[in-house]
Amino acid sequence: MDAITLAALAAFPEQLEAHYGVIPAGHKNWRPPSWDGIPSEPFTPIEQVWHVRDIEIDGYHERLRRTLQESNPLLASIDGETLAKERSYATCDAAAAFVEFRRARGKTLELLSGLTPQQFARVAVFEGRPVTLRGLVHNLCSHDQQHLAGLQWLLARMSAPERR
């Protein structure tokens, strides 16, 4: 696996916490009048954080495990909006999410650091397309970046002047 992607994965927990840290006090559940153009799923700031945590554990840990252990598994996509409602993200504590996410990302990186080129080449089907384990890792890195962009998008909307 390339060093740039692994470094981005390793740096992301700190970046996520830093980006969330600039959300104005009292705005963890802020919603814009329209979600048009958001580069991530349409989640409030606190929902963004808990979604990332859940996708790491319930999504990518499981996808990586199955890709390593099964022959050409069909990997499930996770309905993040349903999870947000079922797990009441809006009432959850961000600090707990960051602790759990850091631990989970550490497990991801530990797993990846021990894989062989043959293991990175293992194939699964995800979102209707064949993907290698290496491709799943790139998808995970892309997902991380989408949520940083989502938080910045929310900050831009929070700071916009009100329409008259």
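Residues numbered from 1 in each chain as written. Predicted model: local features only at pLDDT ≥ 70, side-chain atom pairs only at ≥ 80, totals over all residues. Heavy atoms only, no water.

Student: Any chance you could explain the sheet that holds strand S1 (residues 74–75) here in plain terms?
Tutor: Strand pairing within a sheet occurs via backbone hydrogen bonds; the two strands may be parallel or antiparallel. Across the sheet, which stays open at both edges, the 3 strands sit in the order S1-S2-S3 with mixed pairing between neighbours. Unpaired on one side and paired on the other, S1 and strand S3 (129–132) mark the two borders of the sheet. Across 4 bridges, the pairing between strand S2 (residues 123–126) and S3 is antiparallel. Pairing of alanine 124 across the sheet is with valine 131, part of S3. Packed on one face of the sheet, helix H6 (residues 133–158) meets S1, S2 and S3 and runs near 95° to S3. (Pairing = 2+ DSSP bridges. Helix = DSSP H or I, 4+ residues; strand = E, 2+ residues; numbered from the N terminus. Contact = heavy atoms within 4.5 Å. Axes fitted to C-alpha atoms, helices over the stretch in contact; angles between N-to-C directions.)

Student: Is there a simple way to think about the nonpolar core in this case?
Tutor: Soluble, globular proteins show a tendency: their nonpolar side chains are buried together. The biggest cluster of nonpolar side chains holds 24 residues, and the ones touching the most others in it are Phe12, Leu16, Tyr20, Ile23, Trp50 and Phe98. Listed by contribution, the elements that provide at least two residues to this core are helix H1 (3–21), helix H2 (45–69), helix H3 (80–86), helix H4 (94–113) and H6. With 6 residues, H6 is the largest single contributor of residues to this core. Core analysis: the second largest hydrophobic core is formed by 16 residues, Leu9, Leu115, Val131 and Val137 among them. (Core = buried A, V, L, I, M, F, W, Y, C linked by side-chain atoms within 4.5 Å. Buried < 20%, exposed > 50% of the residue type's maximum accessible area, 1.4 Å probe, protein only.)

Student: Would you take a moment to explain the side chain of glutamate 47 for this structure?
Tutor: Along the chain, the position of glutamate 47 falls in helix H2. Only 3.1 Å separates the side chain of glutamate 47 from the side chain of arginine 31, close enough to count as a polar contact. A distance of 2.9 Å separates a polar side-chain atom of glutamate 47 from the backbone nitrogen of threonine 44. Those residues within four positions of glutamate 47 in sequence are excluded, and the remaining contacts are Arg31, Pro42 and Tyr89. (Polar contact = N/O pair within 3.5 Å; in protein donor to acceptor, adjacent residues only side chain to side chain.)

Student: Looking at this structure, how should I read the pairing of S2?
Tutor: Judged by which residues are buried, S2 turns out to be one-sided: Ala124 and Phe126 face inward and are buried, whereas Val123 and Val125, on the alternate face, are not. Relative to S2, S1 is paired through 2 bridges, and the arrangement is parallel. Counterpart to leucine 75 in the pairing with S2 is phenylalanine 126.

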